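Commentary on secondary and tertiary structure
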Amino acid sequence: MPDHAHSSDPAVQAQLDRLAALSPGRDILGLERIAELCARLGNPQARLPRTFHVAGTNGKGSTCAYLRAILEAQGRRVHAYTSPHLVRFNERIRLAGQLIDDALLAALLEEVLDAADGLQASFFEVTTAAAFLAFARTPADDVIVEVGLGGRLDATNVIPAPAVCGIASLGIDHEAFLLAPEDGTPSPPAERIAWEKAGIVKAGAALATLAYPGPLARVIEARAEAVGVVPFVEGKAWSIEPAGDAFRWSSMDGTLPALLRPRMPGLHQMRNAGLAIAMLHLAPGAKPGPDAIAKGVSAAFWPARLQRLEPGPLTALVAPAAEIWLDGAHNADAGAHLARFFANEPRRIHLVTGMLANKHPDAILAPLAQHLASVTVVPVPGHEHHDAKAFGRNAKAAASVEAALSSLEVDPANEIVLISGSLYLAGEVLRSNGELPE
(Lines give C-alpha, C1' and ligand atoms only; values in the text may rest on other atoms or scores of the structure.)
Protein backbone atom coordinates (compact mmCIF):
# COMPACT_ATOMS: atom_id res chain seq x y z
CA MET A 1 0.00 0.00 0.00
CA PRO A 2 1.67 3.25 -1.06
CA ASP A 3 1.84 6.30 1.15
CA HIS A 4 -0.23 9.30 0.21
CA ALA A 5 0.98 12.80 1.00
CA HIS A 6 -0.41 16.25 0.44
CA SER A 7 0.77 19.69 1.50
CA SER A 8 -0.81 23.11 1.56
CA ASP A 9 2.59 24.54 0.57
CA PRO A 10 2.91 24.67 -3.25
CA ALA A 11 6.67 24.07 -3.23
CA VAL A 12 6.36 20.99 -1.01
CA GLN A 13 3.41 19.70 -3.03
CA ALA A 14 5.39 20.05 -6.25
CA GLN A 15 8.07 17.73 -4.85
CA LEU A 16 5.52 15.30 -3.42
CA ASP A 17 3.85 15.11 -6.84
CA ARG A 18 7.24 14.49 -8.39
CA LEU A 19 7.95 11.77 -5.82
CA ALA A 20 4.59 10.10 -6.49
CA ALA A 21 5.31 10.08 -10.22
CA LEU A 22 8.85 8.73 -9.92
CA SER A 23 8.55 6.13 -7.14
CA PRO A 24 7.34 2.58 -7.83
CA GLY A 25 4.13 3.24 -5.88
CA ARG A 26 4.56 0.32 -3.51
CA ASP A 27 6.55 -0.75 -0.48
CA ILE A 28 9.89 -2.29 -1.46
CA LEU A 29 12.16 -3.96 1.08
CA GLY A 30 15.92 -4.01 0.62
CA LEU A 31 18.91 -1.82 1.40
CA GLU A 32 20.52 -1.57 -2.03
CA ARG A 33 18.61 1.49 -3.28
CA ILE A 34 18.72 3.43 -0.01
CA ALA A 35 22.45 2.69 0.35
CA GLU A 36 23.13 3.97 -3.17
CA LEU A 37 20.91 7.01 -2.65
CA CYS A 38 22.66 7.89 0.60
CA ALA A 39 26.04 7.41 -1.08
CA ARG A 40 25.06 9.91 -3.77
CA LEU A 41 24.17 12.36 -0.98
CA GLY A 42 27.47 11.94 0.86
CA ASN A 43 26.27 9.27 3.33
CA PRO A 44 24.47 11.54 5.80
CA GLN A 45 23.42 8.49 7.84
CA ALA A 46 27.07 8.16 8.91
CA ARG A 47 27.09 11.68 10.41
CA LEU A 48 24.24 11.44 12.89
CA PRO A 49 24.45 12.23 16.62
CA ARG A 50 23.76 9.57 19.26
CA THR A 51 21.06 7.42 17.70
CA PHE A 52 18.14 5.39 19.06
CA HIS A 53 16.57 2.91 16.60
CA VAL A 54 13.12 1.50 17.44
CA ALA A 55 11.30 -1.43 15.80
CA GLY A 56 8.07 -3.27 16.64
CA THR A 57 4.66 -4.17 15.31
CA ASN A 58 2.88 -1.75 17.62
CA GLY A 59 4.08 0.80 20.14
CA LYS A 60 7.26 1.89 18.39
CA GLY A 61 5.91 5.38 17.66
CA SER A 62 4.81 5.83 21.27
CA THR A 63 8.18 4.56 22.49
CA CYS A 64 9.84 7.17 20.28
CA ALA A 65 7.56 9.83 21.76
CA TYR A 66 8.61 8.85 25.30
CA LEU A 67 12.28 8.87 24.31
CA ARG A 68 12.01 12.33 22.82
CA ALA A 69 10.01 13.79 25.71
CA ILE A 70 12.44 12.48 28.34
CA LEU A 71 15.51 13.62 26.43
CA GLU A 72 14.00 17.07 25.88
CA ALA A 73 13.10 17.27 29.58
CA GLN A 74 16.81 16.61 30.18
CA GLY A 75 17.55 19.71 28.09
CA ARG A 76 18.83 17.91 24.99
CA ARG A 77 18.18 18.82 21.34
CA VAL A 78 16.51 15.87 19.61
CA HIS A 79 15.83 14.94 15.98
CA ALA A 80 13.12 12.37 15.25
CA TYR A 81 12.05 10.43 12.17
CA THR A 82 8.69 8.67 12.41
CA SER A 83 5.99 7.31 10.11
CA PRO A 84 3.37 7.45 8.85
CA HIS A 85 2.24 11.05 9.12
CA LEU A 86 -1.38 11.59 10.12
CA VAL A 87 -2.25 15.00 8.66
CA ARG A 88 0.89 16.74 7.37
CA PHE A 89 3.91 15.18 5.70
CA ASN A 90 6.12 17.40 7.92
CA GLU A 91 5.22 15.22 10.94
CA ARG A 92 7.71 12.61 9.73
CA ILE A 93 10.78 14.81 10.28
CA ARG A 94 11.35 16.70 13.51
CA LEU A 95 14.48 18.86 13.68
CA ALA A 96 15.81 19.74 17.14
CA GLY A 97 12.33 19.54 18.58
CA GLN A 98 10.36 21.26 15.80
CA LEU A 99 8.51 19.88 12.80
CA ILE A 100 10.52 20.58 9.66
CA ASP A 101 9.35 23.79 7.96
CA ASP A 102 7.97 23.79 4.44
CA ALA A 103 10.79 25.73 2.78
CA LEU A 104 13.49 23.37 4.05
CA LEU A 105 11.36 20.31 3.34
CA ALA A 106 10.77 21.35 -0.27
CA ALA A 107 14.48 21.99 -0.82
CA LEU A 108 15.48 18.66 0.74
CA LEU A 109 12.99 16.66 -1.28
CA GLU A 110 14.17 18.35 -4.47
CA GLU A 111 17.81 17.58 -3.65
CA VAL A 112 17.09 13.93 -2.82
CA LEU A 113 14.88 13.40 -5.86
CA ASP A 114 17.60 14.86 -8.09
CA ALA A 115 20.10 12.45 -6.56
CA ALA A 116 17.68 9.53 -6.93
CA ASP A 117 17.46 9.86 -10.71
CA GLY A 118 17.23 6.39 -12.26
CA LEU A 119 17.15 4.50 -8.94
CA GLN A 120 13.41 3.78 -8.76
CA ALA A 121 13.60 4.70 -5.09
CA SER A 122 10.38 4.26 -3.13
CA PHE A 123 8.42 6.96 -1.31
CA PHE A 124 9.81 5.80 2.03
CA GLU A 125 13.39 5.56 0.78
CA VAL A 126 13.33 9.14 -0.51
CA THR A 127 11.74 10.37 2.72
CA THR A 128 14.30 8.49 4.82
CA ALA A 129 17.22 9.93 2.87
CA ALA A 130 15.77 13.44 3.21
CA ALA A 131 15.47 12.98 6.98
CA PHE A 132 19.06 11.77 7.32
CA LEU A 133 20.28 14.70 5.23
CA ALA A 134 18.39 17.15 7.43
CA PHE A 135 19.68 15.50 10.61
CA ALA A 136 23.30 15.53 9.42
CA ARG A 137 23.13 19.26 8.65
CA THR A 138 21.29 20.46 11.77
CA PRO A 139 23.08 20.33 15.14
CA ALA A 140 21.46 18.15 17.80
CA ASP A 141 22.41 15.87 20.68
CA ASP A 142 20.35 12.83 19.74
CA VAL A 143 18.35 11.33 16.90
CA ILE A 144 15.43 8.92 17.23
CA VAL A 145 14.65 6.74 14.22
CA GLU A 146 11.46 4.68 13.96
CA VAL A 147 11.52 1.65 11.68
CA GLY A 148 8.95 1.87 8.89
CA LEU A 149 8.33 -1.77 7.95
CA GLY A 150 9.94 -4.83 9.49
CA GLY A 151 13.50 -3.92 10.41
CA ARG A 152 16.13 -6.05 8.72
CA LEU A 153 15.50 -4.65 5.23
CA ASP A 154 13.76 -1.41 6.20
CA ALA A 155 15.33 1.71 4.68
CA THR A 156 16.14 3.08 8.14
CA ASN A 157 18.43 0.10 8.73
CA VAL A 158 21.06 1.65 6.46
CA ILE A 159 22.34 3.51 9.52
CA PRO A 160 25.52 2.26 11.22
CA ALA A 161 25.21 0.66 14.64
CA PRO A 162 23.06 2.99 16.79
CA ALA A 163 23.75 3.66 20.43
CA VAL A 164 20.66 1.70 21.45
CA CYS A 165 18.10 -0.44 19.66
CA GLY A 166 14.64 -0.99 21.09
CA ILE A 167 12.04 -3.59 20.10
CA ALA A 168 8.46 -2.83 21.14
CA SER A 169 5.36 -5.03 20.96
CA LEU A 170 5.42 -7.90 18.45
CA GLY A 171 2.45 -9.20 16.46
CA ILE A 172 1.36 -10.13 12.95
CA ASP A 173 1.15 -7.28 10.44
CA HIS A 174 2.29 -6.57 6.86
CA GLU A 175 2.09 -10.28 6.09
CA ALA A 176 2.58 -9.83 2.35
CA PHE A 177 6.01 -8.30 2.95
CA LEU A 178 7.38 -10.00 6.04
CA LEU A 179 6.17 -13.60 6.06
CA ALA A 180 7.81 -15.05 2.95
CA PRO A 181 10.37 -17.50 4.41
CA GLU A 182 13.95 -17.53 3.20
CA ASP A 183 16.53 -20.30 3.51
CA GLY A 184 17.64 -20.59 7.10
CA THR A 185 15.03 -18.20 8.51
CA PRO A 186 12.11 -18.96 10.84
CA SER A 187 8.89 -19.95 9.08
CA PRO A 188 6.16 -19.69 11.79
CA PRO A 189 4.61 -16.25 11.21
CA ALA A 190 5.19 -14.76 14.66
CA GLU A 191 8.78 -15.99 14.76
CA ARG A 192 9.42 -14.64 11.28
CA ILE A 193 8.15 -11.22 12.36
CA ALA A 194 10.43 -11.30 15.41
CA TRP A 195 13.39 -12.25 13.19
CA GLU A 196 12.72 -9.30 10.87
CA LYS A 197 12.40 -6.82 13.74
CA ALA A 198 15.58 -8.13 15.39
CA GLY A 199 17.41 -7.40 12.15
CA ILE A 200 18.09 -3.85 13.39
CA VAL A 201 20.44 -5.18 16.08
CA LYS A 202 24.08 -4.61 15.16
CA ALA A 203 27.42 -5.25 16.81
CA GLY A 204 28.28 -2.34 19.09
CA ALA A 205 24.67 -1.38 19.84
CA ALA A 206 22.85 -1.95 23.11
CA LEU A 207 19.42 -3.63 22.97
CA ALA A 208 16.33 -3.19 25.16
CA THR A 209 13.15 -5.22 24.57
CA LEU A 210 9.77 -5.99 26.00
CA ALA A 211 9.05 -9.50 27.28
CA TYR A 212 7.86 -11.95 24.62
CA PRO A 213 6.62 -15.55 24.53
CA GLY A 214 9.42 -18.14 24.55
CA PRO A 215 9.76 -18.80 20.79
CA LEU A 216 9.89 -15.08 19.95
CA ALA A 217 12.30 -14.33 22.78
CA ARG A 218 14.63 -17.08 21.55
CA VAL A 219 14.62 -15.65 18.01
CA ILE A 220 15.63 -12.21 19.30
CA GLU A 221 18.20 -13.66 21.72
CA ALA A 222 19.77 -15.64 18.87
CA ARG A 223 20.12 -12.52 16.72
CA ALA A 224 21.59 -10.56 19.63
CA GLU A 225 24.04 -13.36 20.44
CA ALA A 226 25.14 -13.53 16.79
CA VAL A 227 26.32 -9.91 16.93
CA GLY A 228 27.63 -10.00 20.49
CA VAL A 229 24.84 -8.05 22.18
CA VAL A 230 23.26 -8.92 25.55
CA PRO A 231 19.51 -8.02 25.52
CA PHE A 232 18.13 -5.89 28.36
CA VAL A 233 14.77 -7.65 28.67
CA GLU A 234 11.55 -6.69 30.45
CA GLY A 235 10.89 -9.03 33.36
CA LYS A 236 14.56 -9.98 33.66
CA ALA A 237 16.69 -6.85 33.54
CA TRP A 238 13.96 -4.24 33.99
CA SER A 239 10.27 -4.13 34.92
CA ILE A 240 7.29 -1.90 35.57
CA GLU A 241 4.90 -2.15 38.50
CA PRO A 242 1.51 -0.59 37.64
CA ALA A 243 -0.30 1.33 40.37
CA GLY A 244 -3.60 2.61 39.01
CA ASP A 245 -2.85 5.18 36.34
CA ALA A 246 0.84 5.29 37.29
CA PHE A 247 3.74 2.86 37.46
CA ARG A 248 7.10 2.36 39.06
CA TRP A 249 10.18 1.45 36.96
CA SER A 250 12.90 -0.82 38.27
CA SER A 251 16.03 -2.46 36.93
CA MET A 252 18.79 -4.66 38.29
CA ASP A 253 20.50 -1.40 39.26
CA GLY A 254 17.66 -0.07 41.38
CA THR A 255 14.22 1.56 41.34
CA LEU A 256 13.28 5.05 40.24
CA PRO A 257 12.10 6.92 43.34
CA ALA A 258 8.84 8.36 42.02
CA LEU A 259 5.68 6.92 40.53
CA LEU A 260 5.50 7.78 36.81
CA ARG A 261 2.18 8.98 35.36
CA PRO A 262 1.86 8.73 31.57
CA ARG A 263 -0.38 11.16 29.76
CA MET A 264 -1.30 8.37 27.35
CA PRO A 265 -3.66 5.81 28.91
CA GLY A 266 -3.38 2.05 29.04
CA LEU A 267 -1.05 -0.60 30.41
CA HIS A 268 0.58 -0.91 26.99
CA GLN A 269 1.65 2.73 27.21
CA MET A 270 3.23 2.11 30.60
CA ARG A 271 5.24 -0.70 28.97
CA ASN A 272 6.19 1.56 26.04
CA ALA A 273 7.37 4.18 28.52
CA GLY A 274 9.24 1.48 30.41
CA LEU A 275 10.99 0.41 27.20
CA ALA A 276 12.04 4.00 26.49
CA ILE A 277 13.47 4.34 30.01
CA ALA A 278 15.32 1.03 29.56
CA MET A 279 16.84 2.30 26.30
CA LEU A 280 18.00 5.50 28.00
CA HIS A 281 19.38 3.46 30.89
CA LEU A 282 21.64 1.66 28.39
CA ALA A 283 22.69 4.70 26.37
CA PRO A 284 26.27 5.93 26.56
CA GLY A 285 26.74 9.48 27.75
CA ALA A 286 24.66 11.62 30.08
CA LYS A 287 21.70 9.83 31.64
CA PRO A 288 18.38 11.58 32.37
CA GLY A 289 17.71 11.96 36.07
CA PRO A 290 14.50 10.94 37.86
CA ASP A 291 12.95 14.40 37.44
CA ALA A 292 13.53 14.46 33.67
CA ILE A 293 12.13 10.94 33.36
CA ALA A 294 9.01 11.80 35.35
CA LYS A 295 8.47 15.03 33.42
CA GLY A 296 9.00 13.34 30.06
CA VAL A 297 6.70 10.41 30.78
CA SER A 298 3.90 12.75 31.86
CA ALA A 299 4.38 15.03 28.83
CA ALA A 300 4.81 12.45 26.04
CA PHE A 301 1.94 12.27 23.57
CA TRP A 302 1.48 10.36 20.33
CA PRO A 303 -1.73 11.26 18.47
CA ALA A 304 -4.41 8.73 17.51
CA ARG A 305 -3.36 6.29 20.21
CA LEU A 306 -6.33 6.10 22.56
CA GLN A 307 -6.80 9.84 22.13
CA ARG A 308 -9.98 11.37 23.46
CA LEU A 309 -11.10 13.98 20.93
CA GLU A 310 -11.45 17.56 22.03
CA PRO A 311 -14.56 19.65 21.26
CA GLY A 312 -14.60 20.38 17.54
CA PRO A 313 -16.61 20.03 14.33
CA LEU A 314 -16.73 16.23 14.55
CA THR A 315 -17.50 15.88 18.23
CA ALA A 316 -20.33 18.41 17.79
CA LEU A 317 -22.14 15.86 15.61
CA VAL A 318 -22.97 13.60 18.57
CA ALA A 319 -24.81 14.21 21.80
CA PRO A 320 -23.28 16.81 24.12
CA ALA A 321 -20.97 15.27 26.76
CA ALA A 322 -20.50 12.10 24.72
CA GLU A 323 -16.92 10.74 24.76
CA ILE A 324 -15.32 10.08 21.39
CA TRP A 325 -12.08 8.10 21.37
CA LEU A 326 -9.70 7.76 18.44
CA ASP A 327 -7.21 4.95 17.93
CA GLY A 328 -5.35 3.85 14.80
CA ALA A 329 -5.46 0.15 15.76
CA HIS A 330 -5.51 -2.07 12.66
CA ASN A 331 -4.07 -5.46 13.69
CA ALA A 332 -4.72 -8.13 16.30
CA ASP A 333 -2.04 -6.94 18.71
CA ALA A 334 -3.47 -3.41 18.71
CA GLY A 335 -7.01 -4.81 18.98
CA ALA A 336 -5.96 -6.68 22.11
CA HIS A 337 -4.61 -3.43 23.60
CA LEU A 338 -7.99 -1.79 22.94
CA ALA A 339 -9.81 -4.68 24.58
CA ARG A 340 -7.63 -4.45 27.69
CA PHE A 341 -8.20 -0.70 27.93
CA PHE A 342 -11.97 -1.01 27.66
CA ALA A 343 -12.24 -4.27 29.67
CA ASN A 344 -13.70 -2.55 32.74
CA GLU A 345 -15.64 0.11 30.81
CA PRO A 346 -19.31 -0.26 31.83
CA ARG A 347 -20.56 1.78 28.89
CA ARG A 348 -21.23 0.21 25.50
CA ILE A 349 -19.16 1.23 22.49
CA HIS A 350 -20.40 2.57 19.17
CA LEU A 351 -17.56 1.57 16.84
CA VAL A 352 -16.96 3.69 13.74
CA THR A 353 -14.35 1.92 11.66
CA GLY A 354 -12.58 2.09 8.32
CA MET A 355 -10.00 -0.57 7.51
CA LEU A 356 -7.64 -1.11 4.61
CA ALA A 357 -8.43 -4.04 2.33
CA ASN A 358 -5.22 -5.84 3.33
CA LYS A 359 -6.17 -5.86 7.03
CA HIS A 360 -8.52 -8.18 8.90
CA PRO A 361 -11.77 -6.80 10.40
CA ASP A 362 -11.75 -9.44 13.15
CA ALA A 363 -8.53 -7.92 14.48
CA ILE A 364 -10.67 -5.13 15.92
CA LEU A 365 -14.13 -6.71 16.04
CA ALA A 366 -13.29 -9.88 17.94
CA PRO A 367 -11.54 -8.32 20.95
CA LEU A 368 -14.28 -5.68 21.35
CA ALA A 369 -17.29 -7.87 20.50
CA GLN A 370 -18.80 -8.04 23.99
CA HIS A 371 -18.62 -4.24 24.38
CA LEU A 372 -20.17 -3.15 21.09
CA ALA A 373 -23.48 -1.30 20.81
CA SER A 374 -23.14 -0.81 17.04
CA VAL A 375 -20.67 -0.98 14.16
CA THR A 376 -20.61 1.63 11.40
CA VAL A 377 -18.18 1.18 8.52
CA VAL A 378 -16.78 4.13 6.57
CA PRO A 379 -14.35 4.43 3.62
CA VAL A 380 -10.66 5.17 4.10
CA PRO A 381 -10.20 8.04 1.63
CA GLY A 382 -7.57 7.39 -1.02
CA HIS A 383 -7.08 3.72 -0.13
CA GLU A 384 -8.62 0.35 -0.94
CA HIS A 385 -10.78 -0.58 2.03
CA HIS A 386 -13.32 -3.09 3.31
CA ASP A 387 -17.04 -2.44 2.92
CA ALA A 388 -19.63 -3.02 5.63
CA LYS A 389 -20.25 -6.64 4.60
CA ALA A 390 -16.77 -7.59 5.78
CA PHE A 391 -17.76 -6.58 9.32
CA GLY A 392 -20.81 -8.82 9.60
CA ARG A 393 -24.50 -8.61 8.89
CA ASN A 394 -25.19 -6.14 11.70
CA ALA A 395 -22.69 -3.57 10.50
CA LYS A 396 -24.01 -0.43 8.84
CA ALA A 397 -22.37 1.61 6.10
CA ALA A 398 -21.86 5.36 6.10
CA ALA A 399 -20.31 7.58 3.44
CA SER A 400 -17.93 9.30 5.87
CA VAL A 401 -17.03 9.67 9.52
CA GLU A 402 -19.21 12.77 9.62
CA ALA A 403 -22.17 10.80 8.28
CA ALA A 404 -21.50 7.96 10.70
CA LEU A 405 -21.38 10.23 13.74
CA SER A 406 -24.49 12.11 12.62
CA SER A 407 -26.41 8.83 12.40
CA LEU A 408 -25.56 7.67 15.93
CA GLU A 409 -27.91 8.07 18.85
CA VAL A 410 -25.51 8.13 21.78
CA ASP A 411 -26.57 8.04 25.42
CA PRO A 412 -23.54 9.67 27.11
CA ALA A 413 -24.33 8.05 30.44
CA ASN A 414 -24.25 4.55 29.02
CA GLU A 415 -22.40 4.71 25.69
CA ILE A 416 -19.20 6.05 24.14
CA VAL A 417 -17.86 6.26 20.57
CA LEU A 418 -14.62 4.71 19.31
CA ILE A 419 -13.20 5.54 15.87
CA SER A 420 -10.60 2.98 14.88
CA GLY A 421 -9.21 0.69 12.17
CA SER A 422 -6.60 2.75 10.33
CA LEU A 423 -4.02 5.45 10.98
CA TYR A 424 -4.93 6.93 7.59
CA LEU A 425 -8.53 7.27 8.77
CA ALA A 426 -7.30 8.68 12.09
CA GLY A 427 -5.47 11.41 10.20
CA GLU A 428 -8.66 12.40 8.40
CA VAL A 429 -10.49 12.51 11.74
CA LEU A 430 -7.89 14.78 13.33
CA ARG A 431 -7.92 17.05 10.29
CA SER A 432 -11.72 17.27 10.32
CA ASN A 433 -11.85 17.98 14.04
CA GLY A 434 -9.15 20.66 13.83
CA GLU A 435 -6.61 18.76 15.98
CA LEU A 436 -3.40 18.94 13.96
CA PRO A 437 -0.46 16.97 15.43
CA GLU A 438 2.34 19.25 16.62
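Our next topic: the overall build of the protein. Of regular secondary structure, the protein possesses 14 helices and 17 strands. Compactness check: the protein gives a C-alpha radius of gyration of 21 Å against a globular reference of 22 Å for 438 residues, within 12% of the reference. C-alpha atoms of the protein, sized along the principal axes, occupy 55 × 55 × 45 Å. Put simply, the protein has 438 residues, and 57% of those count as buried. For the protein, the proportion of contacts with a sequence separation of at least 24, taken over those separated by at least 6, is 73%. Working note: accessible area of the protein is about 17,100 Å², and carbon and sulfur atoms make up 53% of it. Separation of charge centres in the protein, based on 37 positive and 47 negative side chains, amounts to 4 Å.

In this section: the sheet that holds strand 8 (residues 232-233). A sheet is described by the order of its strands in space; here 8 strands give the open sequence 4-3-2-5-1-6-7-8, paired in mixed fashion. Taken across any chain shown, the strands that pair with only one partner, and hence form the sheet edges, are strand 4 (98-99) and strand 8. Sheet topology note: the strand 2 (residues 78-81)/strand 5 (residues 142-146) ladder contains 4 bridges and is parallel. Paired with Tyr81 across the strands is Val145, a residue of strand 5. Running at roughly 160° to strand 7 (residues 206-209), helix 9 (residues 267-282) makes contact with strand 1 (50-55), strand 6 (164-167), strand 7 and strand 8 of the sheet.

As a further point, take the environment of Val410. Residue placement: Val410 occurs in the loop between helix 13 (401-407) and strand 17 (415-420). Here Val410 falls in the buried class, since its relative accessible area comes to 9%. Remark: the alpha-carbon pair of Val410 and Ala373, spanning 37 residues in sequence, is separated by 9.7 Å. Filtering out sequence-adjacent residues up to four positions away, Val410 remains in contact with Ala319, Ala322, His350, Glu415 and Val417.

Moving on, we get to helix 11 (residues 332-341). Among all positions in helix 11, only Asp333, Ala334, Gly335, His337, Leu338 and Ala339 are buried. Buried residues in helix 11 make contact with helix 9, strand 13 (324-327), helix 12 (362-368) and strand 17.

It is worth spelling out the nonpolar core at this point. If you look at the biggest cluster of nonpolar residues, it comprises 58 residues, and the most contacted ones within it are Phe52, Phe247, Trp249, Ile277 and Val297. Not counting chain neighbours up to four residues away, the residues in contact with Phe52 comprise Leu67, Leu71, Asp142, Val143, Ile144, Val145, Val164, Met279, Leu280 and Ala283. Among the nonpolar cores identified, the runner-up in size contains 39 residues, and Leu16, Leu37, Leu41 and Ala134 belong to it.

Attention now goes to unusual backbone geometry. Excluding glycine, a negative phi dihedral is what most residues carry, and trans is how most peptide bonds are arranged. A cis amide bond, omega -10°, links Ser83 with the succeeding residue Pro84. Turning to its location among the elements, Pro84 is positioned in the loop between strand 2 and strand 3 (93-95). A positive phi angle is found at Asn43, which is not glycine, with a value near 55°. Examined against the element boundaries, Asn43 turns out to sit in the loop between helix 2 (32-40) and strand 1.

A complete count under the given rule lists 15 salt bridges for this structure. With its nearest N and O atoms 2.6 Å apart, the salt bridge here joins Arg192 to Glu196. Within this pair, Arg192 and its partner Glu196 are both found in helix 7 (residues 189-197), separated by 4 residues, close to a single helical turn. The pair formed by Arg192 and Glu196 is uniform in burial state, with each residue classed as buried.

Taken N-terminus to C-terminus, the directions of helix 4 (residues 102-115) and helix 5 (residues 123-137) make an angle of 120°; their axes are 9 Å apart at the nearest point. Classed by the angle they form, the pair helix 4 and helix 5 counts as oblique. As for the relative orientation of helix 4 and helix 5, their crossing is right-handed in sense. Mapping the contact onto sequence places Leu108, Leu109, Glu111, Val112 and Leu113 in helix 4 and Val126, Ala129, Ala130, Leu133, Ala134 and Arg137 in helix 5. Split by residue class, the contact of helix 4 with helix 5 holds 9 nonpolar, no polar and 2 charged.

The way to describe two aromatic rings as a pair is by their centre distance and the angle between their planes. Under the criterion given, the structure shown has 6 aromatic pairs. Where Trp238 meets Trp249, the ring centres are 6.4 Å apart and the plane angle is 20°; that geometry is what we call stacked. Separated by 11 residues along the polypeptide, Trp238 in strand 9 (residues 238-243) and Trp249 in strand 10 (residues 246-251) bring together distant segments of the chain. Residue Trp238 is classed as buried on the basis of its relative accessible area of 1%. Between Phe341 and Phe342 the ring centres are 4.9 Å apart and the planes differ by 75°, which places this aromatic pair in the edge-to-face class. Among the aromatic residues, those joined into a ring-pair cluster are Trp325, Phe341 and Phe342.

Let us now look at helix 8 (residues 214-226). For helix 8, spanning 13 residues, the distance from its first C-alpha to its last is 18 Å, which sits close to the expected 18 Å at 1.5 Å a residue. Buried within helix 8 are the following residues: Leu216, Ala217, Val219, Ile220 and Ala224. Looking straight down helix 8, one finds its buried side chains confined to an arc of 160°; they lie on one side. Residues of helix 8 that are exposed and angled more than 90 degrees away from the buried face: Arg218, Glu225 and Ala226. Tucked into the core, helix 8 has its buried residues touching strand 6, helix 7 and strand 7. Phi turns positive one or two residues past the end of helix 8, at Gly228, with a value near 80°.

Thresholds, definitions, all that
- Residues numbered from 1 in each chain as written.
- Predicted model: local features only at pLDDT ≥ 70, side-chain atom pairs only at ≥ 80, totals over all residues.
- Heavy atoms only, no water.
- Helix = DSSP H or I, 4+ residues; strand = E, 2+ residues; numbered from the N terminus.
- Rg over C-alpha atoms; globule rule 2.2 N^0.38 Å.
- Buried < 20%, exposed > 50% of the residue type's maximum accessible area, 1.4 Å probe, protein only.
- Contact = heavy atoms within 4.5 Å.
- Areas by Shrake-Rupley, 256 points an atom, 1.4 Å probe, with all protein chains shown as cover.
- Lys, Arg positive; Asp, Glu negative; His and termini not counted.
- Charge placed at Lys NZ, Arg CZ, Asp CG, Glu CD.
- Pairing = 2+ DSSP bridges.
- Axes fitted to C-alpha atoms, helices over the stretch in contact; angles between N-to-C directions.
- Core = buried A, V, L, I, M, F, W, Y, C linked by side-chain atoms within 4.5 Å.
- Salt bridge = Lys/Arg side-chain N within 4 Å of Asp/Glu carboxyl O.
- Parallel < 35°, antiparallel > 145°, perpendicular 65-115°, else oblique.
- Left-handed = near helix turned anticlockwise from the far one by under 90°.
- Nonpolar A, V, L, I, M, F, W, Y, C, P; charged D, E, K, R; others polar.
- Phe/Tyr/Trp six-rings, centres within 6.5 Å; stacked < 30°, edge-to-face > 60°.
- Expected span 1.5 Å × (residues − 1).
- Arc of directions from axis to C-beta.

Any functional reading would require information that these geometric values do not contain.
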